[in-house]
Amino acid sequence: MSIRALWVISHEKGECGTVSFSRRYPTVERRARGLAGRRYVPIPEDSDLLRPLLTELGVTDPEKPFVTSRDDCARPQRSPALEVHLEGQDGGTLWPLLAITQGELILACLPLVEVPLEPQPPLPSLPSVSQGLSLLAGLQTFICGAGGRVEGDLLASRLALLPAVLLQTCPLGTPLDTLQLGLPPAPSPAPAGPQKQPAWKPGVHRGRAVVNVALSEQVRSMQYGSRTKQDLWDVFGTVTCKCELEGVLPNVTVTLCLPPNGSPLQDVLVHPCVTSLDSSVLTANSIDDSDGSSFSGPYKFPFSPPLEPFRLCSYTSQVQTRRETHTP
């Protein structure tokens, strides 16, 4: 499970764009030539790849929104796994070329397909595709940071560090431990201890521990204005977190407590980093007619946080109130 090449491209909509960084892996390319046989398509020069890739992404030629080779209804869309048709005498098609965009940046890589290309294998059967997407997502976090936007000298400094980061996380074109997607802005020494240092965390947070938790709720109500009919209230809530903690895999627990006479939480969805949860929390839903009041908290969410801000959980809660009737 390796990648043949990697690109970081800067562009503005309607412009031709420039390749800010590229890396090719000759040893992986040699394997690709042997595996593909007569269907082998060599990787073109950066200048020859740039326009076909931007055209496939739809960020060039604003006056020409429809391109037959890209937008024909007979061609299924499988973004972010692109099928890039190369121009020139040799032509050929690069597939699957993975690309994700972040503002004015495009991060792309070409995974090695280790199965026959004819007939074209389904994408879910290619482990290198999911590993390549994890690689791009990690590099996106490293380059753009938590804010999601970086420019000027800061972007140049991140790109200057990129060769050293790839040497640790993708030696010889083979990504290591791509399950951990968070990359800090700069490498730092690995901590001592029995825990394995993930390849996607070459450094850890140093300094004061900070955990930010934000809870937001929206209320949808239906008020009938009748003494004989119930008013209905639905609450939709989300809990977002941003954790800056020392250690490789720190453990955090967020506890939600209901107010007095509060209605139980339903339809609870949690982030994959949550390590354990009471089964009764996940089974309570707003679809079944059964009473969801068997579990009313407190709701504990233990997790090992990623580096970037994330949504810890979302939930709903239903409230029914009956107006008091007064007899004259």
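A brief look at the structure comes next. Quick caveat: nothing in here was measured; it's all calculated off a predicted structure.

Observations regarding the overall build of the protein chain
Scanning the protein chain from N- to C-terminus turns up six helices and eleven strands. A buried classification covers 41% of the 328 residues belonging to the protein chain. Summarising the internal contacts of the protein chain: among those between residues at least 6 apart in sequence, 65% fall at separations of at least 24. Total accessible area on the protein chain is roughly 18,500 Å²; 53% of this is exposed by carbon and sulfur atoms.

Here's the deal with the nonpolar core
Formed by 35 residues in total, the largest nonpolar core has its most connected members in L6, I143, L162 and L166. When residues of this core are traced back to their parent elements, those giving at least two are β1 (3-10), α1 (26-36), β4 (93-102), β5 (105-111), α4 (127-144) and α5 (152-169). Non-local contacts of L6, meaning those with residues more than four positions away in its chain, are made with F21, S22, R23, A108, C109, L136, L139 and L166.

Some remarks on the pattern of salt bridges
Any two side chains of opposite charge can pair, given that their charged atoms come close. Within the structure shown, the criterion is met by seven salt bridges. Here E118 makes a salt bridge to R39, at a shortest N to O gap of 3.4 Å. Remark: R39 occurs in the loop between α1 and α2 (46-57) and E118 occurs in the loop between β5 and α4; sequence separation between them is 79 residues. E118 gets classed as partly exposed once you look at its relative accessible area, which sits at 46%.

Topic: α4
Every α-helix carries 3.6 residues per turn, so stepping three or four residues along brings you back to the same face. With 18 residues, α4 extends 26 Å between its outermost C-alpha atoms, agreeing within 8% with the 26 Å of an ideal straight helix rising 1.5 Å per residue. Across the 18 residues that make up α4, a large majority, 15, are buried. G145 lies just past α4 and shows a positive phi near 70°.

Quick look at α2
Here α2 spans 16 Å end to end across twelve residues, near enough to the 16 Å set by a 1.5 Å rise per residue. For α2, the full list of buried residues reads D46, L49, L50, P52, L53, L54, T55 and E56. G58 sits one or two positions beyond α2 and adopts a positive phi of about 75°.

A short note on the sheet that holds strand β3 (residues 81-85)
Taken together, the five strands give an open sheet; going across it, the order is β2-β1-β5-β4-β3, and neighbouring strands pair in antiparallel fashion. Sheet topology places β2 (18-24) and β3 at the edges, where each strand pairs with a single neighbour. Neighbouring strand axes in the sheet, compared pairwise and without regard to direction, differ in orientation by 30° on average. α4 contacts β1, β4 and β5 of the sheet and is inclined by roughly 30° relative to β4. Relative to β2, α5 is tilted by about 10°, and along the sheet it contacts β1, β2 and β5.

Thresholds, definitions, all that
Residues numbered from 1 in each chain as written. Predicted model: local features only at pLDDT ≥ 70, side-chain atom pairs only at ≥ 80, totals over all residues. Heavy atoms only, no water. Helix = DSSP H or I, 4+ residues; strand = E, 2+ residues; numbered from the N terminus. Buried < 20%, exposed > 50% of the residue type's maximum accessible area, 1.4 Å probe, protein only. Contact = heavy atoms within 4.5 Å. Areas by Shrake-Rupley, 256 points an atom, 1.4 Å probe, with all protein chains shown as cover. Core = buried A, V, L, I, M, F, W, Y, C linked by side-chain atoms within 4.5 Å. Salt bridge = Lys/Arg side-chain N within 4 Å of Asp/Glu carboxyl O. Expected span 1.5 Å × (residues − 1). Pairing = 2+ DSSP bridges. Axes fitted to C-alpha atoms, helices over the stretch in contact; angles between N-to-C directions.

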